Amino acid sequence: MKKKSFDFCKFYKKIWINKKYRKVFLTSVLGIFTIILLIIVISNSHTLTSIEERELKKNSEVVMGYMEEIENVKKVELSSYIIYAMEYNYNENDKTTLSLKNMVKLLENVFNKKFNEKELEKIGITPDMLSKNITYDFSTKKYVIDKGSYSYADIAQTKIVKYELQKIKKNSKNKFTGIYRKYVVSNPYEVLNYYDALNSSNNIKSNKKANKVKKYDTTDIFNYLTGKEKLKVMKKYITNESAKKVAKDKGEIEVKYIISGDKILVKEIKSDKNKIEY
């Protein structure tokens, strides 16, 4: 016996003529389209675009350059933010002084937190600030950092903390999370030794194979060790690769960012031992 083929047109007309079936049909179609739309919207809200990734990496490189002044302390006080601002201002803007007004502006461009000039001024000078050669001029209402008085021995004994970005996750339209490895270099001369050894090894390989290999310029490292270059420059040489030889891995650091207007602000800093929310 021959089976009858399914006639979609007749089935469709039957549904469309019957008001009850038509309502169910339209509701179902609308529901399917709504679900598809929601899936697309949710998927896009968690997809990191190339522009977002580029801007976040660019911002992260600057902001995280001095985060040890905040993340590394047991109790975050305003003095920690003052030290952060002075290190940031010196390394990024090449300035040794910073007014209270500009300090507030700088900090509010980094952290999702409000700062007050009067509260900053009340801090005065703390032992931690003195250890960083930071003082306050009450006549001009400016903080001052003195980097010229550091000896070679001081530089050699100063630990270097580097937060190396591993990946960026998009949590929602304006919220992101950066995952970092925290590396601590106890002896900065080990960085110079590492690249000198790498150059020597590459020279041997080059002579054997009669071809050119990469050569690392260690001038910036030497200049830092002799007080002629800034910490910012030195940190560029502490990478995931070099850190295996010259630094201690202190674990993972999670930093949450929020986009507010045209600013990318730090909303939370989380490590195994500490959590700071803004």
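One can find the structure itself at the top, above this paragraph.
Definitions and limits used
Residues numbered from 1 in each chain as written. Predicted model: local features only at pLDDT ≥ 70, side-chain atom pairs only at ≥ 80, totals over all residues. Heavy atoms only, no water. Core = buried A, V, L, I, M, F, W, Y, C linked by side-chain atoms within 4.5 Å. Buried < 20%, exposed > 50% of the residue type's maximum accessible area, 1.4 Å probe, protein only. Helix = DSSP H or I, 4+ residues; strand = E, 2+ residues; numbered from the N terminus. Contact = heavy atoms within 4.5 Å. Pairing = 2+ DSSP bridges. Axes fitted to C-alpha atoms, helices over the stretch in contact; angles between N-to-C directions. Parallel < 35°, antiparallel > 145°, perpendicular 65-115°, else oblique. Nonpolar A, V, L, I, M, F, W, Y, C, P; charged D, E, K, R; others polar. Polar contact = N/O pair within 3.5 Å; in protein donor to acceptor, adjacent residues only side chain to side chain. Expected span 1.5 Å × (residues − 1). Phe/Tyr/Trp six-rings, centres within 6.5 Å; stacked < 30°, edge-to-face > 60°. Lys NZ or Arg CZ within 6 Å of the ring centre and 35° of its normal.

A.B. asks: So what exactly am I meant to see when it comes to the nonpolar core here?
C.D. replies: Here is a general trend for soluble globular proteins: nonpolar side chains tend to be buried in one another's company. Among the nonpolar cores identified, the biggest contains 43 residues, and M67, Y84, F111 and V266 are the most heavily contacted of them. At eight residues, the largest contribution of residues to this core is made by helix α5 (residues 78–93). Those residues in contact with M67 that sit more than four places away from it in its chain are N72, Y84, F111, Y163, V266 and I269. Ranked by size, the runner-up nonpolar core spans 19 residues in total, among them Y194, L225, V233 and A247.

A.B. asks: What should I look at first to understand the sheet that holds strand β4 (residues 160–172) in this one?
C.D. replies: Sheets are built from strands paired through backbone hydrogen bonds, the pairs being either parallel or antiparallel. Reading across the sheet, the five strands line up as β4-β5-β6-β7-β8 and stay open at both edges, with antiparallel pairing between neighbours. Pairing within the sheet leaves two strands with one partner each, and these edge strands are β4 and β8 (275–277). Each strand of the sheet is rotated relative to its neighbour by a mean of 30°, with strand direction disregarded. Across seven bridges, strand β6 (residues 248–260) lies against strand β7 (residues 263–270) in antiparallel orientation. If you follow S260 over to β7, its bridge partner there is K263.

A.B. asks: Please clarify how unusual backbone geometry should be interpreted in this entry.
C.D. replies: The phi torsion of most residues other than glycine is negative, and most of the peptide bonds are trans. The backbone phi angle of D94 is positive, close to 60°, even though this residue is not glycine. Its relative accessible area of 53% is what places D94 among the exposed residues. At N133, a position not held by glycine, the phi torsion is positive, near 60°. Residue placement: N133 occurs in the loop between α8 (127–131) and β2 (134–137).

A.B. asks: How should the packing of α5 against helix α6 (residues 100–108) be read in this particular structure?
C.D. replies: A pair of packed helices is captured by two measures, namely the crossing angle of their axes and the spacing between those axes. The geometry of α5 relative to α6 is characterised by a closest axis approach of 10 Å and an angle of 90° between their N-to-C directions. As judged from the angle between their axes, α5 and α6 are roughly perpendicular. Between α5 and α6, the residues in contact are Y81, I82, Y84, A85, M86, Y88 and N89 and M103, L106 and L107, respectively. For the contact of α5 with α6, the per-class residue count stands at nine nonpolar, one polar and no charged.

A.B. asks: Would you mind going over the side chain of K170 with me for this structure?
C.D. replies: Take K170: it is sitting in strand β4. K170 gets classed as buried once you look at its relative accessible area, which sits at 11%. A distance of 3.4 Å separates the side chain of K170 from the backbone oxygen of T47, its partner in a polar contact. Side chain to side chain, K170 and E52 meet in a polar contact 3.1 Å long.

A.B. asks: What is the right way to look at the sheet that holds β2 in this model?
C.D. replies: Spatial ordering of the open sheet is given by β1-β3-β2, a layout of three strands whose pairing is antiparallel. Strand pairing shows two members of the sheet lacking a second neighbour, β1 (97–99) and β2, which therefore form its edges. Between one strand axis and the next, the sheet turns by 25° as a mean value, whatever way the strands run. Inspection of the sheet shows β1 paired to strand β3 (residues 142–145) by three bridges, in the antiparallel sense. Across the sheet, L98 pairs through a bridge with Y143, a residue of β3.

A.B. asks: Sorry, what's going on with the side chain of N223 here?
C.D. replies: With respect to the helices, strands and loops of the structure, N223 is situated in helix α11 (residues 219–225). Under the relative-accessibility criterion, N223 is labelled buried at 19%. If sequence neighbours within four positions are ignored, N223 has contacts with K228 and E229.

A.B. asks: Even after reading the chapter, I still don't get α5, so can you show me in this structure?
C.D. replies: Two residues of an α-helix separated by three or four positions point the same way, owing to the 3.6 residues in each turn. For α5, built from 16 residues, the straight-helix expectation of 22 Å at 1.5 Å per residue is met to within 8% by its first-to-last C-alpha distance of 21 Å. Across the 16 residues of α5, 13 count as buried, placing the element largely inside the fold. Count one or two residues on from α5 and you reach D94, which has phi positive near 60°.

A.B. asks: I would appreciate a short explanation of the packing of aromatic side chains in the present structure.
C.D. replies: Centre-to-centre distance and the angle between the planes together describe a pair of aromatic rings. Inspection of every chain in the model, using the stated rule, returns 13 aromatic pairs. A ring pair is formed by Y81 and F111, whose centres lie 5.3 Å apart and whose planes are at 85°; its orientation type is edge-to-face. Linking Y81 in helix α5 with F111 in the loop between α6 and α7 (117–123), this pair joins segments that are 30 residues apart in sequence. For the pair formed by Y81 and F111, the shared burial category is buried. Summarising the aromatic geometry, the rings of Y84 and F111 are spaced 5.2 Å apart at their centres and angled 65° between planes, so their arrangement reads as edge-to-face. Separated by 27 residues along the polypeptide, Y84 in helix α5 and F111 in the loop between α6 and α7 bring together distant segments of the chain. Residue Y84 shares its accessibility class with F111, and that shared class is buried. Over the aromatic face of F115 sits the side chain of K113, whose NZ or CZ is 5.5 Å from the ring centroid. Lying across the ring of Y90, K230 places its NZ or CZ 5.0 Å from the centre.

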